[in-house]
Amino acid sequence: LRVAALGGGPGYELLAAQRFLTTVLGVSELDLINTDVQPTWRGYSEALGFRFFVHDITEGKIEKTLGLKADEIDYVIVSYVCIYV
């Protein structure tokens, strides 16, 4: 299961998703990807075990940034970024 966070900052939403998906739903294989326009979040995100990509949501096409096709992303978490679009 692949989950990408747009504007994920340090990765707290992904951490919550990881806990829910593994503990409550029993998902064992996860690919958790964090994206943010601010590259300094990389260290925090990677310390939590997530992949990180710099991505500006105002430029669109998250799949291009991640090198994936749209149907290869199962869930997208969008939190605290609507003020930018």
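Residues numbered from 1 in each chain as written. Predicted model: local features only at pLDDT ≥ 70, side-chain atom pairs only at ≥ 80, totals over all residues. Heavy atoms only, no water.

Student: Would you explain the side chain of D36 in this entry?
Tutor: As for its placement among the helices and strands, D36 is situated in strand β2 (residues 31-36). Although D36 is buried, it forms no salt bridge, and the closest oppositely charged side chain is R42 at an N-O distance of 11 Å. Reaching out from D36, the side chain makes a polar contact with the backbone nitrogen of G9 at a distance of 2.8 Å. (Helix = DSSP H or I, 4+ residues; strand = E, 2+ residues; numbered from the N terminus. Buried < 20%, exposed > 50% of the residue type's maximum accessible area, 1.4 Å probe, protein only. Lys, Arg positive; Asp, Glu negative; His and termini not counted. Salt bridge = Lys/Arg side-chain N within 4 Å of Asp/Glu carboxyl O. Polar contact = N/O pair within 3.5 Å; in protein donor to acceptor, adjacent residues only side chain to side chain.)

Student: I'm lost on the pattern of salt bridges in this one. Help?
Tutor: A complete count under the given rule lists three salt bridges for this structure. Ionic pairing is found between D31 and R2, a salt bridge with its closest N-O pair at 2.7 Å. Placement of the pair is D31 in strand β2 and R2 in strand β1 (residues 2-6), with a sequence separation of 29 residues. Judged by its relative accessible area of 18%, D31 falls in the buried class. Here the residues in one salt-bridge network are R2, D31 and R51, joined through shared partners.

Student: Is there a simple way to think about the side chain of H55 in this case?
Tutor: With respect to the element layout, H55 can be found in the loop between β3 (51-54) and α3 (62-66). When neighbours within four sequence positions are excluded, H55 is seen to be in contact with L6, T35, D36, V37, G60, K61, I62 and T65. (Contact = heavy atoms within 4.5 Å.)

Student: Is there a simple way to think about the sheet that holds β1 in this case?
Tutor: For sheets, the rule is that strands pair by backbone hydrogen bonds, running either parallel or antiparallel. The strand order β3-β2-β1-β4 describes an open sheet built from four strands, whose pairing is parallel. With partners counted over all chains shown, the strands left at the sheet margins are β3 and β4 (75-78), one partner each. Mean inter-strand twist for the sheet, computed between neighbouring axes without regard to direction, equals 20 degrees. Of the pairings in the sheet, the one linking β1 to β2 comprises four bridges and is parallel in character. Each residue of the ladder has a partner; that of R2, found in β2, is D31. (Pairing = 2+ DSSP bridges. Axes fitted to C-alpha atoms, helices over the stretch in contact; angles between N-to-C directions.)

Student: I tried to follow a nonpolar patch on the surface on my own but got confused; where do I start?
Tutor: Taken together, the side chains of F20, V24 and L25 define a hydrophobic patch exposed on the protein surface, amounting to about 310 Å² of accessible area. Along the chain, L25 turns up in the loop between α1 (12-24) and β2. Owing to a relative accessible area of 52%, L25 belongs among the exposed residues under this scheme. (Patch = residues over 30% accessible without salt bridge, like charges linked within 9 Å, V, L, I, M, F, W, Y side chains within 5 Å. Areas by Shrake-Rupley, 256 points an atom, 1.4 Å probe, with all protein chains shown as cover.)

Student: Just checking my understanding: could you explain the nonpolar core for this structure?
Tutor: Nonpolar side chains in soluble globular proteins generally cluster together in the buried interior. Of all hydrophobic cores here, the largest spans seven residues; its members are A4, L6, I33, I62, L66, L68 and I73. Counting only elements with at least two residues in this core, the list comes to β1 and α3. The residues contacting I33, other than those within four sequence positions of it, are R2, V3, A4, A5, L14, R51, F53, L66 and L68. Core analysis: the second largest hydrophobic core is formed by six residues, V3, A5, L14 and L32 among them. (Core = buried A, V, L, I, M, F, W, Y, C linked by side-chain atoms within 4.5 Å.)

Function cannot be inferred from these measures alone, as they are strictly geometric.
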